[in-house]
Amino acid sequence: MHIVHTLTDLRAALAGRGRPAFVPTMGNLHEGHLALVQQAKPLGDTLVASIFVNRLQFLPHEDFDSYPRTLAQDADKLRAAGCDILFAPSEKDLYPQPQTFKVQPDPQLADILEGHFRPGFFTGVCTVVMKLFACVFNAGPGVAVFGSKDYQQLMVIRQMVQQFALPIEIVAGATCRADDGLALSSRNSYLSASERAQAIELRQALQALAHAAAQPGAQLAALEAQALQRLQTQGWQPDYLTVRQRSNLQAPAGAPMAGELVALGAARLGTTRLIDNLEF
Ligand code: PAF
C-alpha cells in the first residue's frame, strides 16, 4: 500500500492504474469503514482510501481538536484490507490557502436535521468531498462508497454529484452494527462503559417510532414527541427523532407510506452525540 500525503504524490501513485474506487474517511477506522473498503474493492481497479479530519465540517464547540487521530493503526488496518493507496493529507496539503471557495448544498436538503443542529456542516462536507474527488478522480471516472449511517450525508453527496455532473458513481454501504445493534461510529470510543451499555437506546427508540408510524392512522407529530420524551427520560439530550420520506427527507405529506420512509435520530448521551436511522 502506498501512503501519500500530497496531491502530487497521490497523482503519481494513481498514474496508469485505471478506475479508482474511493472510500473517504476521517480515520479512527472501525469495522464499518473496513466493510466499505471490502465493498469498494471489486468496484474499481485501484482502491483508494483517504484519512482527513476536516476542520470545515466542525462547529467551534465540537470535537475537531479531540477527534481521535490514529494514522499508524489505520494504515495497518487498510493495508490488511487490501487498500492500494492511502491518501492522508495534512491541512496544509489539502488547504494550502484558506478554502474560501465552498460548495453550498441545496438548503432544502442540507439545512434540515443534521444541518439544522450543525449549521454549515454539509457545506464543510461537500467542500472537502468535492476537493477529495478532484484529487482522486482527476484522470477519469470512478466510484466512491459512503456509509448509510450518515443517511443525510449520503443524499447530499448524491445530489452534489448529480448537479455537478461528476463522473462518479456513489454507492451506499450498509451500516455495520455491534452485537447489541449499536451503529459503529468513531465517536463510540468517547462513551464510558455505562454509556456504552445504554447507547442502544437510540436505536430502540427509532425502532419503536418506526413501528408505531407504520400503523394505520399514525399521528407522526405525537409519535415523534413521544420518542423524544422517551430518550429524555432515559437521560439523553435528543436533537431530533423523526420520520421522513426517503426520497427527499421532508415530512411525509398525508398518510405515511411504509416502504418509502426512514426514521432518523440524533441525540447526545453525556457529551457524545450519536446518530442512527432506520428505513421502513
Ligand atoms: O463521513 C465522514 O467520515 C466525513 O463526513 C467525510 C465524508 C469523510 C468527509 O470529511
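Per-chain numbering applies: the sequence of each chain, read as written, is numbered from 1 onward. Reporting in this predicted model follows two pLDDT cut-offs: at least 70 for local features of residues, and 80 or more for side-chain atom pairs to be given and counted; totals over whole chains, interfaces and linings ignore these cut-offs and use all residues. Where side-chain values are given, they derive from all heavy atoms of the structure, hydrogens and water being excluded.

An unreviewed UniProt entry lists the protein under the name Pantothenate synthetase, with Paenacidovorax caeni as the source organism. UniProt positions are given in the numbering used here, feature names are shortened, and annotations may be inferred rather than shown by experiment. The heading Catalytic activity (unreviewed entry) in the UniProt record of the protein holds the text "(R)-pantoate + beta-alanine + ATP = (R)-pantothenate + AMP + diphosphate + H(+)". Heading Sequence similarities (unreviewed entry) of the UniProt record for the protein holds this comment: "Belongs to the pantothenate synthetase family."

**Q** Help me out: how do you make sense of the packing of aromatic side chains in this one?
**A** One pair of aromatic rings is described through two measures. These are the centre distance and the angle between the planes. Pairing of aromatic side chains here covers Phe, Tyr and the six-membered ring of Trp, requires ring centres within 6.5 Å, and sorts the geometry by plane angle: under 30 degrees stacked, over 60 edge-to-face, intermediate tilted. One pass over the structure, following the stated rule, counts nine aromatic pairs. Aromatic side chains Phe 22 and Phe 137 sit 6.0 Å apart centroid to centroid with 75° between the ring planes, which places their arrangement in the edge-to-face category. Placement of the pair is Phe 22 in strand β2 (residues 20-25) and Phe 137 in the loop between α7 (121-136) and β5 (142-147), with a sequence separation of 115 residues. Aromatic ring contacts, followed pair by pair, group Phe 22, Phe 133, Phe 137 and Phe 146 into a single cluster. Both a distance and an angle decide whether a charge sits over a ring: NZ of Lys or CZ of Arg must be within 6 Å of the ring centre and within 35 degrees of the ring normal. We note Arg 69 situated over the ring of Phe 64; from NZ or CZ to the ring centre the distance is 4.8 Å. Between the NZ or CZ atom of Arg 118 and the centre of the ring of Phe 121, over which it lies, the distance is 4.3 Å. Counting from the N terminus, the helices are the DSSP runs of H or I reaching at least four residues and the strands are the DSSP runs of E reaching at least two.

**Q** So what exactly am I meant to see when it comes to the UniProt feature "active site" (unreviewed entry) in the protein here?
**A** Cross-referencing UniProt, the feature "active site" (unreviewed entry) maps to His 33 in the present numbering. Residue position: His 33 is located in helix α2 (residues 31-40). For His 33, a relative accessible area of 13% gives the class buried. Contact definition: two residues touch when any of their heavy atoms are within 4.5 Å. Those residues within four positions of His 33 in sequence are excluded, and the remaining contacts are Thr 25, Gly 27, Asn 28 and Ser 186. Relative accessible area decides the class of each residue, using a 1.4 Å probe on protein chains only: under 20% of the type maximum gives buried, over 50% gives exposed, and in between gives partly exposed.

**Q** I'm lost on the UniProt feature "binding site: (R)-pantoate" (unreviewed entry) in the protein in this one. Help?
**A** Residues annotated by UniProt as "binding site: (R)-pantoate" (unreviewed entry) correspond here to Gln 57 and Gln 153. Across 97 residues in sequence, these annotated residues keep their C-alpha atoms within 11.6 Å of one another, forming a single compact spot. Within the secondary structure, Gln 57 sits in the loop between β3 (46-51) and α3 (71-80). The exposure class assigned to Gln 57 is buried, which follows from its relative accessible area of 10%. Aside from chain neighbours lying at most four places away, what touches Gln 57 is Met 26, Glu 62, Arg 118, Phe 121, Gly 124, Val 125 and Val 128. Residues adjacent in sequence count toward polar contacts only when both atoms are side-chain atoms; beyond that, a polar contact is any pair of N or O atoms within 3.5 Å, and within protein one must be able to donate a hydrogen and the other to accept it. Engagement of the side chain of Gln 57 in a polar contact is seen with the side chain of Asn 54, the distance being 2.8 Å. Positionally, Gln 153 belongs in helix α8 (residues 151-163). Those residues in contact with Gln 153, other than ones at most four positions away along the chain, are Phe 121, Phe 122, Val 125 and Phe 146.

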